[in-house]
Each structure stands twice: as structure tokens, then as C-alpha cells.
Amino acid sequence: MAQGLIEVERKFLPGPGTEERLQELGGTLEHRVTFRDTYYDTPELSLMQADHWLRRREDSGWELKCPGAAGVLGPHTEYKELTAEPAIVAQLCKVLGADGLGAGDVAAMLGPLGLQEVASFVTKRSAWKLVLLGADEEEPQLRVDLDTADFGYAVGEVEALVHEEAEVPTALEKIHRLSSMLGVPAQETAPAKLIVYLQRFRPQDYQRLLEVNSSRERPQETEDPDNCLG
Ligand SMILES: Cc1ncc(C[n+]2csc(CCOP(=O)(O)OP(=O)(O)OP(=O)(O)O)c2C)c(N)n1
Ligand SMILES: [Mg+2]
């Protein structure tokens with residue numbers, strides 16, 4: 001993946017007819033894949049509390065999701081995805097206030113930054129792609145992932161990857177249009193697999209995150225010092 005793409009997505013609860021509906025809408029199944037994600041944070045969950053999400057996906061490496069301009073306002077989310085290890089380490093140092101601690105690959109920095117495993121689970125995913133009828137061929141196609149985690153939670157996401165903030169409104173319009181064609185209720189949101197994992201297996205951590213989220217306000221025009229856009 002190119003460095004620093006912006007992932008705009010909306011999660012939903014899939015039903016038994018979701019795959020059939022995707023086919024009716026002209027969607028094609030790209031692949032079915034199984035992977036393990038392991039998430040890392042400090043014991044106080046400093047990254048998650050700052051809306052940063054560090055994980056290693058088996059066979060594809062490290063990724064850090066950092067908040068984009070829209071954050072988690074509304075039924076969609078917007079995150080910048082860092083996959084180059086030097087960029088991930090630099091952002092981790094910035095968020096954790098460890099500037100000057102050094103550089104290195106992510107694995108080598110886990111100990112010095114006090115990061116440890118907080119969750120690990122396997123996901124079975126069917127990955128679909130779809131171009132909405134009438135859409136300009138230059139415009140990004142949509143992806144729909146239908147995931148089932150090994151602890152029994154199923155969630156779908158309609159997603160677009162864009163290069164610039166200016167492309168986000170168009171992507172969002174398409175995401176909402178496709179979600180509605182899939183029968184997703186306008187205001188429906190579904191929690192991420194990791195959030196459900198924490199709720200079930202690390203309830204104290206989950207509670208800690210809830211408290212931060214309920215007190216966090218992310219007005220769209222306010223600059224966030226930890227934002228990794230730009
Ligand atoms: C309502 C709400 N949703 C998401 C978040 C942020 N968040 C929670 S966990 C989390 C990290 C996991 O993101 P997710 O999209 O669930 O991962 P996955 O679909 O497996 O990976 P992909 O293949 O798409 O890269 C985020 C960003 C939040 N703070 N609040
Ligand atoms: Mg996702």
C-alpha cells in the first residue's frame with residue numbers, strides 16, 4: 001500500500017443476505033482470507049486513548065492508524081494508515097512524548113516505548129470490491145469487507161482509500177449511498193472487532209477507553225497536535 005493513505009470507512013452489522021446483495025449490486029469477491037492481528041499499547045493504553053491503533057498483522061506487517069480530520073464523528077471514521085516502519089516509530093515517539101528515544105524498526109522500539117500486547121485474534125474476511133453505477137472511473141472504487149473474528153463477532157465495513165483530505169467528502173457520499181443500498185439503517189454503527197474484544201476479555205481497559213471517549217470532543221476545525229495528517 002502507498003504510504004499514508006486515508007481510510008474512510010463505515011462499519012455495519014452484516015446479515016445473512018449481505019453477500020447476495022453485494023452480488024446484485026455488481027460487487028465482485030476479491031478473496032477470502034484469514035489473518036491474525038495483534039494490537040500493542042502501553043499498560044495505561046496511552047495510544048488508544050489518543051485514538052492511535054498499533055497492530056501487527058501476520059504476513060503483512062505493522063500498521064498504525066492515526067486520527068484523520070473527521071475522527072469518529074458520525075457513523076463513519078477517518079484514519080490515516082502508516083505502514084512504513086520509520087514513519088510509525090516517529091509517530092509513536094511523538095504521541096508517547098518520547099522524542100529522541102531513537103529510531104529503529106517497530107519491534108525493536110516496543111520495549112523502550114513500554115508497548116506490550118493487549119489483544120490478539122484471528123479474522124476470517126471476505127473482501128469485495130464494487131464501483132457504483134454512474135461513478136466516474138477515475139473515482140475510487142469501494143471495498144466491502146465482511147469479517148468474522150474467532151471470538152464470534154461479525155462486522156462489515158464499507159471503505160474507500162483516498163490520497164487527500166479533499167477527496168474525503170466524495171468518498172463519504174459513496175460510502176453512505178452504498179450502505180443504504182445494502183440496507184444499513186442511516187444511523188447504524190457497529191463497534192470494531194478490537195473494541196468488542198476489549199469489552200469481553202479486558203473489561204477494565206474497555207471501561208477506561210469509554211471514559212476517554214465520552215469526554216473527548218474532536219471539533220472538525222480544531223488542530224490536533226497528535227494528528228498525523230499532512
Ligand atoms: C466508533 C469507533 N469506531 C472506531 C474507532 C477506532 N478504532 C477502534 S479499534 C481500531 C483499530 C482497528 O480498526 P478496524 O478498522 O476495526 O480494523 P480492521 O477492519 O480489522 O482492519 P483493516 O483491514 O480495515 O485495516 C480503530 C481505528 C473508535 N475510536 N470509535
Ligand atoms: Mg477496517
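Look up a bit, the structure's there.
Bear in mind that the values here come from a model prediction, so they are computed numbers and not experimental data.

**Student:** Teacher, can you tell me more about the nonpolar core here?
**Tutor:** Generally speaking, nonpolar side chains in soluble globular proteins are found buried as a group. Of all hydrophobic cores here, the largest spans 21 residues; its most connected members are Val-8, Phe-12, Leu-22, Val-144, Val-158, Leu-178 and Leu-182. Of all elements in the fold, only β1 (5-12), β6 (116-130), β7 (142-149), β8 (154-162) and α5 (168-181) reach the threshold of two or more residues within this core. Per-element accounting of this core gives the leading share, 5 residues, to α5. For Val-8, the contacting residues outside a window of four places in its chain are Thr-77, Glu-78, Val-158, Glu-159, Ala-160, Val-162, Val-168, Leu-172 and Ile-175. With 19 residues, the next largest nonpolar core counts Tyr-39, Tyr-79, Ala-149 and Tyr-197 among its residues.

**Student:** Would you take a moment to explain the coordination of the magnesium ion (ligand 2) for this structure?
**Tutor:** In an ideal tetrahedron of four donors about a metal, each angle is 109.5 degrees. In an ideal octahedron of six donors, the angles are 90 or 180 degrees. The protein atoms that coordinate the magnesium ion (ligand 2) are Glu-9 (OE), Glu-157 (OE) and Glu-157 (OE), at distances spanning 2.2 to 2.6 Å. In this structure, the magnesium ion (ligand 2) is surrounded by 6 donor atoms whose angles at the metal cover 54 to 154 degrees, and the resulting shape is irregular. Of the two residues, Glu-9 sits in strand β1 while Glu-157 sits in strand β8, which places them 148 residues apart along the sequence. Given a relative accessible area of 5%, Glu-9 falls into the buried group. By relative accessible area, Glu-157 is classed as buried at 6%.

**Student:** For this particular structure, what's the right way to read the site of ligand 1?
**Tutor:** Taken together, 22 residues lie around ligand 1, and Lys-11, Arg-55, Lys-65, Glu-157 and Lys-193 are the ones closest in. In the environment of ligand 1, an oxygen atom lies 3.2 Å from a nitrogen or oxygen atom belonging to the side chain of Glu-7. Here an oxygen atom of ligand 1 sits 2.9 Å away from a polar atom, N or O, in the side chain of Lys-11. Protein coverage of the free-state accessible area of ligand 1, which is 670 Å², stands at 86%. When residues of the shell around ligand 1 are traced back to their parent elements, those giving at least two are β1, β2 (28-41), β3 (53-57), β4 (61-67), β5 (77-82), β8 and α6 (193-201). Across the shell around ligand 1, the residue classes tally to 7 nonpolar, 1 polar and 14 charged.

**Student:** How should the environment of Leu-82 be read in this particular structure?
**Tutor:** Relative to the elements of secondary structure, Leu-82 occurs in strand β5. Along the backbone, Leu-82 and Glu-165 are 83 residues apart, and their C-alpha atoms lie at a distance of 15 Å.

**Student:** Where do I start with the sheet that holds β4 in this structure?
**Tutor:** Backbone-to-backbone hydrogen bonds pair the strands of a sheet. The strands run either parallel or antiparallel. Spatially, 8 strands are ordered β1-β5-β4-β3-β2-β6-β7-β8 in a closed barrel, and the strand pairing comes out antiparallel. Direction aside, neighbouring strands of the sheet carry axes that sit 35 degrees apart on average. Pairing of β3 with β4, which is carried by 5 bridges, proceeds in the antiparallel orientation. Bridging from a neighbouring strand, Arg-55 pairs with Glu-63 of β4.

**Student:** Please explain α5 as it appears in this structure.
**Tutor:** An ideal rise of 1.5 Å per residue puts 20 Å on 14 residues; α5 measures up with 20 Å between its terminal C-alpha atoms. Taken together, the buried positions of α5 are Val-168, Ala-171, Leu-172, Lys-174, Ile-175, Leu-178 and Ser-179. The arc that holds the buried residues of α5, viewed along the axis, is 165 degrees, so those residues lie on one side. Exposed residues on α5 whose side chains face more than 90 degrees from its buried face are Pro-169 and Ser-180. Where α5 is buried, its residues contact β1, β5, β6, β7 and β8. Residue Gly-183 follows α5 closely and has a positive phi angle near 85 degrees.

How each quantity is defined
Residues numbered from 1 in each chain as written. Chains lettered and ligands numbered in written order. Predicted model: local features only at pLDDT ≥ 70, side-chain atom pairs only at ≥ 80, totals over all residues. Heavy atoms only, no water. Core = buried A, V, L, I, M, F, W, Y, C linked by side-chain atoms within 4.5 Å. Buried < 20%, exposed > 50% of the residue type's maximum accessible area, 1.4 Å probe, protein only. Helix = DSSP H or I, 4+ residues; strand = E, 2+ residues; numbered from the N terminus. Contact = heavy atoms within 4.5 Å. Donors = N, O, S within 2.8 Å, 3.2 Å for Na, K, Ca; no water. Tetrahedral: all angles 85-135°; square planar, octahedral: opposite > 155°, others 65-115°. Near = heavy atom within 4 Å. Polar contact = N/O pair within 3.5 Å; in protein donor to acceptor, adjacent residues only side chain to side chain. Areas by Shrake-Rupley, 256 points an atom, 1.4 Å probe, with all protein chains shown as cover. Nonpolar A, V, L, I, M, F, W, Y, C, P; charged D, E, K, R; others polar. Pairing = 2+ DSSP bridges. Axes fitted to C-alpha atoms, helices over the stretch in contact; angles between N-to-C directions. Expected span 1.5 Å × (residues − 1). Arc of directions from axis to C-beta.

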